[in-house]
Amino acid sequence: ALDICESQLGSRHPDTLRTVLNVASSYYQMGELSLALKLYERLVSIMDGAIGIKNPDYALAMMNLGNVYCALDQPEKAKKAFMQALRMQESIFG
């Protein structure tokens with residue numbers, strides 16, 4: 001599904017970004033942390049340029065990236081991701 005979205009819509013299209021978010025989340029829930037990490041890092045990199053920080057999906061992706069870092073015992077990276085997600089949510093929701 002991800003390959004189809006990217007080839008048909010492009011990597012920066014909102015539907016493609018949501019698909020990447022869902023696939024990364026699935027990998028995380030299955031315990032495939034390295035695959036989840038790779039997709040979340042790619043996703044936040046694309047989202048940064050494509051949709052900006054005032055987007056709830058971007059904040060969710062950043063929070064989920066923090067969860068992966070926690071599961072991989074990388075607390076400093078997790079803290080950085082969580083703090084960035086918090087700042088995004090504050091700018092979106094007040």
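Predicted, not measured: the structure shown is a model, and the values here were computed from it. (Residues numbered from 1 in each chain as written. Predicted model: local features only at pLDDT ≥ 70, side-chain atom pairs only at ≥ 80, totals over all residues. Heavy atoms only, no water.)

**What to know about the overall build of the protein chain**
Okay, step 1: Of regular secondary structure, the protein chain possesses five helices and zero strands.
Okay, step 2: For the protein chain, the N- to C-terminal ordering of α and β elements is α-α-α-α-α.
Okay, step 3: In terms of C-alpha radius of gyration, the protein chain reaches 13 Å, essentially the compact-globule figure of 12 Å for 94 residues.
Okay, step 4: Contacts in the protein chain between residues at least 24 apart in sequence constitute 48% of all its contacts with a sequence separation of at least 6.
Okay, step 5: Surface exposure of the protein chain reaches about 5600 Å², of which carbon and sulfur atoms provide 53%. (Helix = DSSP H or I, 4+ residues; strand = E, 2+ residues; numbered from the N terminus. Rg over C-alpha atoms; globule rule 2.2 N^0.38 Å. Contact = heavy atoms within 4.5 Å. Areas by Shrake-Rupley, 256 points an atom, 1.4 Å probe, with all protein chains shown as cover.)

**A word on the nonpolar core**
Okay, step 1: Grouped together as the largest cluster of nonpolar side chains are 24 residues, with contacts concentrated most on Tyr40, Leu43, Met62 and Leu65.
Okay, step 2: Counting only elements with at least two residues in this core, the list comes to helix 2 (14-29), helix 3 (33-50), helix 4 (56-71) and helix 5 (75-93).
Okay, step 3: Examining the composition of this core, we find that eight residues originate from one element, helix 3, more than from any other.
Okay, step 4: Ignoring sequence-local partners within four residues, the contact set of Leu43 consists of Leu17, Val20, Leu21 and Ala61. (Core = buried A, V, L, I, M, F, W, Y, C linked by side-chain atoms within 4.5 Å. Buried < 20%, exposed > 50% of the residue type's maximum accessible area, 1.4 Å probe, protein only.)

**Re helix 4**
Side chains of residues three or four places apart in an α-helix project in the same direction, reflecting 3.6 residues per turn.
Okay, step 1: Taking 1.5 Å of rise per residue, the 16 residues of helix 4 would be expected to cover 22 Å, and the 23 Å separating its terminal C-alpha atoms lies within 8% of that figure.
Okay, step 2: Here helix 4 has its buried residues at Tyr58, Ala59, Ala61, Met62, Asn64, Leu65, Gly66, Val68 and Tyr69.
Okay, step 3: For helix 4, the secondary structure elements touched by its buried residues are helix 2, helix 3 and helix 5.
Okay, step 4: The distance from a side-chain oxygen at the start of helix 4 to the backbone nitrogen of Asp57 is 2.7 Å, and the residue carrying that oxygen is Asn55. (Expected span 1.5 Å × (residues − 1). Polar contact = N/O pair within 3.5 Å; in protein donor to acceptor, adjacent residues only side chain to side chain.)

**Overview of the packing of helix 4 against helix 5**
Two quantities define a packed helix pair, namely the angle between the helix axes and the distance between the axes.
Okay, step 1: Where helix 4 meets helix 5, the closest approach of the two axes is 8 Å, and the angle between their N-to-C directions is 160 degrees. Our classification of the angle between helix 4 and helix 5 gives roughly antiparallel. Once helix 4 is placed against helix 5, the crossing between them reads as left-handed. Where helix 4 approaches helix 5, its residues Pro56, Tyr58, Ala59, Met62, Met63, Gly66, Asn67, Tyr69 and Cys70 are matched on the opposing element by Lys77, Ala78, Ala81, Phe82, Gln84, Ala85, Met88, Gln89, Ile92 and Phe93.
Okay, step 2: In terms of residue class, the contact of helix 4 with helix 5 is made up of 14 nonpolar, four polar and one charged. (Axes fitted to C-alpha atoms, helices over the stretch in contact; angles between N-to-C directions. Parallel < 35°, antiparallel > 145°, perpendicular 65-115°, else oblique. Left-handed = near helix turned anticlockwise from the far one by under 90°. Nonpolar A, V, L, I, M, F, W, Y, C, P; charged D, E, K, R; others polar.)

In short, geometric facts, not functional conclusions.
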